[in-house]
Amino acid sequence: MATTAVGGSSGAVKSAMRTLDIIEYVVAHPTGVVAQEIAQALSIPVSSLSYLLATLVERDYLTRAGRLYQPGNGLDRLRLTPQGLPMVERVRPLVRSLRLRLNETSSFFVRREWQIEAVITEVAEHTLRYSIAVGSMTPMHCLAGGKALLAALPASELDDYFAQTTRAHFSANTIVDEPRLREELAQTRERGFATTRNEYTPGICGIARVLRQGENVVGSLAVAIPVVRCDAEVEASAGETLKTITASFER
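Rules of the game
- Residues numbered from 1 in each chain as written.
- Predicted model: local features only at pLDDT ≥ 70, side-chain atom pairs only at ≥ 80, totals over all residues.
- Heavy atoms only, no water.
- Helix = DSSP H or I, 4+ residues; strand = E, 2+ residues; numbered from the N terminus.
- Expected span 1.5 Å × (residues − 1).
- Buried < 20%, exposed > 50% of the residue type's maximum accessible area, 1.4 Å probe, protein only.
- Contact = heavy atoms within 4.5 Å.
- UniProt positions renumbered as here; feature names shortened; annotations may be inferred.
- Axes fitted to C-alpha atoms, helices over the stretch in contact; angles between N-to-C directions.
- Parallel < 35°, antiparallel > 145°, perpendicular 65-115°, else oblique.
- Left-handed = near helix turned anticlockwise from the far one by under 90°.
- Nonpolar A, V, L, I, M, F, W, Y, C, P; charged D, E, K, R; others polar.
- Pairing = 2+ DSSP bridges.
- Patch = residues over 30% accessible without salt bridge, like charges linked within 9 Å, V, L, I, M, F, W, Y side chains within 5 Å.
- Areas by Shrake-Rupley, 256 points an atom, 1.4 Å probe, with all protein chains shown as cover.
- Salt bridge = Lys/Arg side-chain N within 4 Å of Asp/Glu carboxyl O.
- Arc of directions from axis to C-beta.

- As recorded in an unreviewed UniProt entry, the chain goes by the name IclR family transcriptional regulator, listed as coming from Novosphingobium organovorum.

1. Structural notes on helix H5 (residues 87–102)
Here is step 1: Its 16 residues give H5 an end-to-end C-alpha distance of 23 Å, which sits within 8% of 22 Å, the value for a rise of 1.5 Å per residue.
Here is step 2: Along H5, the positions that sit buried rather than exposed are Glu89, Arg90, Val91, Leu94, Val95, Arg96, Leu98, Arg99 and Leu102.
Here is step 3: Packed against the buried residues of H5 are helix H4 (73–78), strand E4 (105–112), strand E5 (115–122), strand E8 (204–213), strand E9 (216–226) and helix H9 (232–250).
Here is step 4: One or two residues past the end of H5 sits Asn103, with phi positive at roughly 50 degrees.

2. Concerning the UniProt feature "domain: HTH iclR-type" (unreviewed entry) in the chain
Here is step 1: Per the UniProt record, the feature "domain: HTH iclR-type" (unreviewed entry) sits at residues 13–73.
Here is step 2: Across residues 13–73 one finds 61% helix and 16% strand; the C-alpha atoms that close the span lie 25 Å apart.

3. Topic: the packing of H5 against H9
Here is step 1: At a minimum axis separation of 11 Å, H5 and H9 run at an interaxial angle of 150 degrees. When the axis of H5 is compared with that of H9, the two are roughly antiparallel. Of the two possible hands of crossing, H5 and H9 adopt the one that is right-handed. Residue-level contacts link Met87, Arg90, Leu94, Ser97, Leu98, Arg101 and Leu102 of H5 to Ala238, Thr241, Leu242, Thr244, Ile245, Ser248 and Phe249 of H9.
Here is step 2: A per-class count over the contact of H5 with H9 returns eight nonpolar, four polar and two charged.

4. Some details on the pairing of E9
Here is step 1: Burial runs high along E9: eight of the 11 residues are buried.
Here is step 2: Sheet analysis places E4 next to E9, joined by five bridges and oriented antiparallel. In the strand pairing of E9, Phe108 is matched with Leu221.
Here is step 3: As defined by bridge partners, E8 adjoins E9 across 10 bridges and the pair is classed as antiparallel. Bridged to Arg209 within E9 is Leu221.
Here is step 4: Linking two consecutive strands that pair antiparallel, namely E8 and E9, is a turn of two residues; a positive phi of about 65 degrees is found at Gly214 within it.

5. Overview of a nonpolar patch on the surface
Here is step 1: A cluster of nonpolar side chains, contributed by Val13, Met17 and Leu20, occupies part of the molecular surface with about 280 Å² of accessible area.
Here is step 2: Relative to the elements of secondary structure, Leu20 occurs in helix H1 (residues 2–27).
Here is step 3: The class for Leu20 is partly exposed, based on a relative accessible area of 46%.

6. Here's the deal with the sheet that holds strand E3 (residues 68–71)
Here is step 1: On the basis of which strands lie adjacent, the open sheet formed by three strands has the order E1-E3-E2 and antiparallel pairing. With one partner strand each, in any of the chains shown, strand E1 (33–34) and strand E2 (62–65) form the two edges of the open sheet.
Here is step 2: The pairing of E2 with E3 spans four bridges and is classified as antiparallel. The partner of Ala65 across the bridge, within E3, is Leu68.
Here is step 3: This element, helix H3 (residues 46–58), spans E2 and E3 of the sheet and lies at about 105 degrees to E2.

7. Remarks on H9
Here is step 1: Helix length check: H9, at 19 residues, gives a terminal C-alpha distance of 27 Å against a target of 27 Å (1.5 Å per residue), a fit within 8%.
Here is step 2: Every buried residue belonging to H9 is among Ala238, Gly239, Thr241, Leu242, Ile245, Thr246 and Phe249, and all of these are buried. In a view along the axis of H9, the buried residues occupy a sector of 165 degrees, so they form one face of it. For H9, exposure combined with an orientation more than 90 degrees from the buried face picks out Ala232 and Glu233.
Here is step 3: Structurally, H9 contributes buried residues whose contacts are with H5, E8 and E9.

8. Focus: the pattern of salt bridges
Here is step 1: Per the stated rule, a full pass over the model turns up 10 salt bridges.
Here is step 2: The closest approach of N and O atoms between Glu184 and Lys147, which form a salt bridge, is 3.3 Å. With Glu184 in helix H8 (residues 178–191) and Lys147 in helix H6 (residues 144–151), the pair connects residues that are 37 residues apart, well separated along the chain.
Here is step 3: Given a relative accessible area of 13%, Glu184 falls into the buried group.
Here is step 4: Overall, the relative accessible area of 0% leaves Lys147 in the buried class.
Here is step 5: Several salt bridges share partner residues, and in doing so they unite Arg96, Arg99, Glu122 and Glu125 into one network.

9. What about the sheet that holds E5?
Here is step 1: Strand order in this open sheet of six strands is E6-E5-E4-E9-E8-E7, and the pairing throughout is antiparallel. The open sheet terminates on both sides in strands that have one partner only, identified here as strand E6 (137–139) and strand E7 (194–197). Averaged over all adjacent pairs, the angle separating strand axes in this sheet is 30 degrees, with direction ignored.

Structure (structure tokens):
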């Protein structure tokens, strides 16, 4: 048993060391290097190198132009203090953590007038899963991310929302009338997170919580779960996970 644990740990360390070696080698050759040169210089098997390079490009630590690999913008972000990062880059690790912990599609939404825009999204690995395009705009009343933001509005601004919007039905379950929606928002404040079930996309539940920077609401973190996987226990667990992740950011 001890031998297996050591072996597993050694493999993980070796992969980490190779990743750092690749970054350092490419940074030392900023005009660009090809994969074959990296493999020969660092004695990394091509099969392992291809996976590591693809991951580094995906995370923006390297860029690829044709066959050449060069340093990416992700390396510059590592040198910035958290306060110096754009908000989207500060929130991106939270979305990734949410997706990894729940293995469900996770997103960060910001308010645009009386709509919300998906600015970050990571899709679940399940075959049955929900997806939402980055940049897509959705009315606030029908997604959990929007309800979380509505529930955080001051009373006067919430009055403006109801006075200025007409709320469309997207399914038979969409809550559109003011008294019912106000009741839903009150429950959201009490519970600490917003929920939807079959309101925008049939077969999908949403759970969301606002994200704050100091006293200011900067957006909402949300997870979308197929109804067949979303019972009361899963919903409560997702709410607690959102609470933990948002609290870590707000501290």
